[in-house]
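Here are the chains, one letter per residue:
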Amino acid sequence: MKGKLIWSIFWVLVGVFVVIVGAMAIPAVGELLMGFLFIIISGAVFLSLGVALIFLTVKERVEGALGKVLRFTGASAAGFFVFVLLHNVFYGLGIEISHIVVLSQSMEVLHVVCFCLAIFVCPIGFLVGAVGSIVLVKRRCKMAE
């Protein structure tokens, strides 16, 4: 069955997203799950699934709007972890080179931009991509009937 693995990864990715958001938004779940190990593991899983979704979408040649939306969903998932790491790298560099004003200010701008991308843009992009994927598949199923 063409695309079965893509949809399995897609739904696991949505589930991991729900768990991560739940851990951050619901205090009881957060106390139960939140810890350094959970953050690292969930981030690595989210990144890996996002990369896998992009890879399989390209490999299986999913065309048209669905292919674009699936790649966007994967990129948003992978981008979250990447931008969190870049935020921390730029923040650390900014502290280390605080005596060089121009570079320090540049690192400040970069770490704020990466933070905003990770916290606001990537999750919204993921939601838009996930909902768009579901809508496009439902529409294709109705047209096939």
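Residues numbered from 1 in each chain as written. Predicted model: local features only at pLDDT ≥ 70, side-chain atom pairs only at ≥ 80, totals over all residues. Heavy atoms only, no water.

Chemist: What is the right way to look at the packing of aromatic side chains in this model?
Modeler: For any pair of aromatic rings, the description consists of the separation of the ring centres together with the inter-plane angle of the planes. In total, this model carries 6 aromatic pairs according to the counting rule given. Between the aromatic rings of Trp7 and Phe10, the centroid separation amounts to 5.1 Å while the plane-to-plane angle is 75°, which identifies the pairing as edge-to-face. Remark: Phe10 and Trp7 occur in helix α1 (residues 4-25); sequence separation between them is 3 residues, near one turn of the helix. Here Trp7 falls in the partly exposed class, since its relative accessible area comes to 23%. Geometrically, the ring pair formed by Phe17 and Phe126 is tilted, given 4.6 Å between the ring centres and 35° between the ring planes. One end of the pair, Phe17, is in helix α1; the other, Phe126, is in helix α5 (residues 101-144), and 109 residues separate them in sequence. The same class applies to Phe17 and to Phe126, which are both buried. An aromatic cluster is present here, built from Phe17, Phe46, Phe80 and Phe126 joined pairwise through their rings. (Phe/Tyr/Trp six-rings, centres within 6.5 Å; stacked < 30°, edge-to-face > 60°. Helix = DSSP H or I, 4+ residues; strand = E, 2+ residues; numbered from the N terminus. Buried < 20%, exposed > 50% of the residue type's maximum accessible area, 1.4 Å probe, protein only.)

Chemist: So what exactly am I meant to see when it comes to a nonpolar patch on the surface here?
Modeler: Together, Phe72, Phe115, Ile119, Phe120, Val121, Ile124 and Val128 line one region of the surface with nonpolar side chains, adding up to about 660 Å² of accessible area. Counting residues per element, the nonpolar patch draws most heavily on α5, at 6 residues. Inspection of the secondary structure assignment puts Ile119 in helix α5. Among the residues examined, Ile119 registers a relative accessible area of 38% and is labelled partly exposed. (Patch = residues over 30% accessible without salt bridge, like charges linked within 9 Å, V, L, I, M, F, W, Y side chains within 5 Å. Areas by Shrake-Rupley, 256 points an atom, 1.4 Å probe, with all protein chains shown as cover. Salt bridge = Lys/Arg side-chain N within 4 Å of Asp/Glu carboxyl O.)

Chemist: What am I meant to see in the side chain of Thr73 here?
Modeler: Mapped onto the elements, Thr73 comes out in helix α4 (residues 64-96). Leave out the neighbours within four places in its chain, and Thr73 touches Phe10, Leu13, Leu53, Phe126, Gly129, Ala130 and Ser133. (Contact = heavy atoms within 4.5 Å.)

Chemist: Help me understand the state of the cysteines in this model?
Modeler: In a disulfide, the sulfur atoms of two cysteines are covalently bonded to one another. Under the defined criterion, the tally for this structure stands at 0 disulfides. In this structure Cys116 is a free cysteine whose sulfur lies 9.5 Å from that of Cys114, the closest cysteine sulfur available. Taking relative accessible area as the criterion, Cys116 reaches 32% and is therefore assigned partly exposed. (Disulfide = S-S within 2.5 Å.)

Chemist: What is the right way to read the environment of Val137 from this model?
Modeler: Mapped onto the elements of the fold, Val137 is located in helix α5. The sequence separation of Val137 and Gly22 amounts to 115 residues, and the corresponding C-alpha distance is 26 Å. If near-sequence neighbours (up to four positions away) are discounted, Val137 is found in contact with Trp7 and Leu66.

Chemist: Quick question: what am I supposed to make of unusual backbone geometry here?
Modeler: Despite not being glycine, Arg61 has its phi angle at roughly 55°, a positive value. Within the secondary structure layout, Arg61 lies in the loop between α3 (36-59) and α4.

Chemist: Help me understand α4, please; the structure alone is not making it clear to me.
Modeler: Structurally, the α-helix is built with 3.6 residues per turn, so residues lying three or four positions apart point the same way. Taking 1.5 Å per residue as the helical rise, α4 with its 33 residues ought to reach 48 Å, and the 46 Å between its terminal C-alpha atoms agrees with that figure. Along α4, the helix axis deviates most sharply at Gly79, where the bend reaches about 30°. (Expected span 1.5 Å × (residues − 1). Bend = angle between axes of the 7 residues up to and from the residue.)

Chemist: Please explain the confidence of the model for the protein chain as it appears in this structure.
Modeler: Atom-level detail of predicted coordinates should not be read off regions where pLDDT is low. Across the protein chain, the average pLDDT comes to 87, with 95% of residues at or above 70. Averaged pLDDT values over the elements of the protein chain bottom out at 70 in helix α2 (residues 27-33) and peak at 91 in α4. (pLDDT = per-residue confidence, 0-100.)

Chemist: Explain the nonpolar core here, please?
Modeler: Generally speaking, a soluble globular protein has its nonpolar side chains buried in company with each other. In this structure, Ile6, Phe10, Leu13, Phe46, Leu53, Leu70 and Phe126 are the most contacted members of the largest nonpolar core, which totals 23 residues. Considering each element in turn, this core owes the most residues, 8 residues, to α1. When neighbours within four sequence positions are excluded, Ile6 is seen to be in contact with Leu53, Leu56, Thr57, Glu60, Val62 and Leu70. (Core = buried A, V, L, I, M, F, W, Y, C linked by side-chain atoms within 4.5 Å.)

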